[in-house]
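So you can see what is in the structure, the chains are spelled out below.
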Amino acid sequence: MSSEVKANKLSPATGTALQISDSGDTTTIPSGATLDVSSATMTGFTIPSGQTLTVASGATIDASAGTATGFGGGITEADMWRITADQTNPAGDITANWEQADTDGFAVLGSGLSESSGIFTFPSTGYWSITLSGMWSNTSADERYVGLYLYTTLNNADYDGASYGLGSLGGGTSTRNGNTPSNFIFDVTSTTNCKFKVVGYCSLATTILQGDSDRCETCVTVIRLGDT
Amino acid sequence: MSIGFSENGRPRHIEAYLITVRYGGWFGWSDSKNKIYANLIVHDGGSKPTEQECIDGLAQLQTDFDSQDYARLRQAEYPSIEECVHAILDDDLEALQAKRAEVKARYPK
């Protein structure tokens, strides 16, 4: 048996609460009909399992005044570190003079990395993009090769070369300059075991790996891409 | 360029001297935004140069750099390797040598 109630407004008989149907019932807004709650407040809204919430073309999900959780894909961590002083003829691990960038508008996003004697530790697991950039110069001679390497460990002990940036310096009549960029995506499954360090090499004793505290010359940029 | 050198490569700060003392990242600054001698620190356990050594060392580097001004100026104006090759192939070495002599005369030692 079916029946139809025609009314322009439903109001509670007493109090301020109005209930539509009972637990276990299904209330259907049929195809072509519109449930307009644009001026109202919805609470306790749940998309049932197996159902899809569609955001139509031209529509917007605005969470600017609230908190949106559980959404994947957003960038939550970004950090930059640099060495603060020049050094000649680096021959191995770059262990000293690292600082987190702090000038010209830089601000760390999220917690940021920590560093101790050139060993970098991540604040959380996830896929991390690491960009390494070495700035080199030689004021007296052409340089056959310069290299800045990213070494990673998966057990907090054994390091292996993960990404290499190589170059040479030449062509100038006074200072020869060059840059050695390299990139790596590191699946950090453990913040205790997955770490990285920077290693530098060149062929001439007069070649300089440049560092500065007012700008990023030799630096590392890390961005967390997503969950592991 | 970093704080140690001017744009043309001339040493201008004691950091330019310090990087000649030992290799690698042996030194640093307790306040890297204020690179004065009082803030110089040593990472490798080695000796720390005196302030006078830093002053004298920088001055010597500047003297050495300035003494090579003529060479840098000459090199910038000498015929290129390509021009030299063409001069050899075209049997025109006299003109090439004349140009080199003119550059040398303009920038004497």
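Residues numbered from 1 in each chain as written. Chains lettered and ligands numbered in written order. Predicted model: local features only at pLDDT ≥ 70, side-chain atom pairs only at ≥ 80, totals over all residues. Heavy atoms only, no water.

Draft legend 1. Structural context of the side chain of Asp212(A). Tracing the backbone shows Asp212(A) in the loop between strand E12 (208-209) and strand E13 (219-226). Within the local environment of Asp212(A), its side chain forms a polar contact with the side chain of Arg215(A), the two groups lying 3.0 Å apart. The residues touching Asp212(A), leaving out its near neighbours within four places in the chain, are Arg82(A), Ile83(A), Thr84(A), Ala85(A), Glu99(A), Glu217(A), Ser2(B), Ile3(B) and Lys35(B). (Helix = DSSP H or I, 4+ residues; strand = E, 2+ residues; numbered from the N terminus. Polar contact = N/O pair within 3.5 Å; in protein donor to acceptor, adjacent residues only side chain to side chain. Contact = heavy atoms within 4.5 Å.)

Draft legend 2. Examining the packing of helix H1 (residues 14-21) of chain B against helix H2 (residues 51-67) of chain B more closely. Residue and element names in this part refer to chain B. Their axes nearest at 8 Å, the elements H1 and H2 cross at an angle of 95°. Viewed along their axes, H1 and H2 adopt a mutual orientation that is roughly perpendicular. Together, Ile14, Ala16, Tyr17, Leu18 and Thr20 of H1 and Glu53, Cys54, Gly57, Leu58 and Leu61 of H2 make up the contact between the two elements. Among the residues making up the contact of H1 with H2, the classes are represented as seven nonpolar, two polar and one charged. (Axes fitted to C-alpha atoms, helices over the stretch in contact; angles between N-to-C directions. Parallel < 35°, antiparallel > 145°, perpendicular 65-115°, else oblique. Nonpolar A, V, L, I, M, F, W, Y, C, P; charged D, E, K, R; others polar.)

Draft legend 3. Seen up close, the pairing of strand E8 (residues 143-153) of chain A. Residue and element names in this part refer to chain A. A large share of E8 lies buried, amounting to nine of its 11 residues. Bridging between E8 and strand E9 (residues 159-169) involves nine bridges; their strand directions are antiparallel. Within the sheet, the bridge partner assigned to Thr152 lies in E9 and is Asp160. Adjacent in sequence and paired antiparallel, E8 and E9 are bridged by five residues, among which Asn156 carries a positive phi angle near 60°. Relative to strand E11 (residues 195-202), E8 runs antiparallel, the two being bridged by eight bridges. When the sheet's bridge partners are listed, Leu150 is paired in E11 with Val198. (Buried < 20%, exposed > 50% of the residue type's maximum accessible area, 1.4 Å probe, protein only. Pairing = 2+ DSSP bridges.)

Draft legend 4. Looking closely at H1(B). Most of H1(B) is tucked away, with six of its eight residues classed as buried. If you check which residues of H1(B) are buried, you get Ile14(B), Glu15(B), Ala16(B), Tyr17(B), Leu18(B) and Ile19(B). On the buried face of H1(B), the contacting elements are strand E2 (87-88) and E12 of chain A together with strand E1 (27-29), strand E2 (40-42) and H2 of chain B.

Draft legend 5. Region of the structure containing the nonpolar core. Counting 24 residues, the largest nonpolar core has Trp98(A), Leu113(A), Phe122(A), Ile130(A), Phe196(A) and Val220(A) as its most contacted members. Taken together, the elements giving at least two residues each to this core come down to strand E1 (78-83), strand E7 (126-138), E8, strand E10 (176-188), E11 and E13 of chain A. Per element, the largest residue contribution to this core is four residues, and it comes from E7(A). With sequence-adjacent residues up to four places away left out, Val220(A) is seen in contact with Asp79(A), Met80(A), Trp81(A), Trp98(A), Ile130(A), Thr131(A), Leu132(A), Phe196(A) and Val198(A). If you look at the next biggest cluster of nonpolar residues, it comprises 15 residues, including Trp26(B), Trp29(B), Leu40(B) and Leu58(B). (Core = buried A, V, L, I, M, F, W, Y, C linked by side-chain atoms within 4.5 Å.)

Draft legend 6. Representation of the environment of Leu132(A). Structurally, Leu132(A) is set in strand E7. On a C-alpha basis, the gap between Leu132(A) and Thr43(A) in space is 47 Å, while along the polypeptide they are 89 residues apart.

Draft legend 7. Highlighting the interface of chain A and chain B. Listed as interface residues are 29 residues of chain A and, on the opposing side, 22 residues of chain B. A salt bridge links Asp102(A) to Lys33(B); its shortest N-O distance comes to 2.8 Å. Linking chain A with chain B are 13 residue pairs in polar contact (both at pLDDT 80 or more). Across the side of chain A that touches chain B, the residue classes tally to five nonpolar, 16 polar and eight charged. (Salt bridge = Lys/Arg side-chain N within 4 Å of Asp/Glu carboxyl O.)

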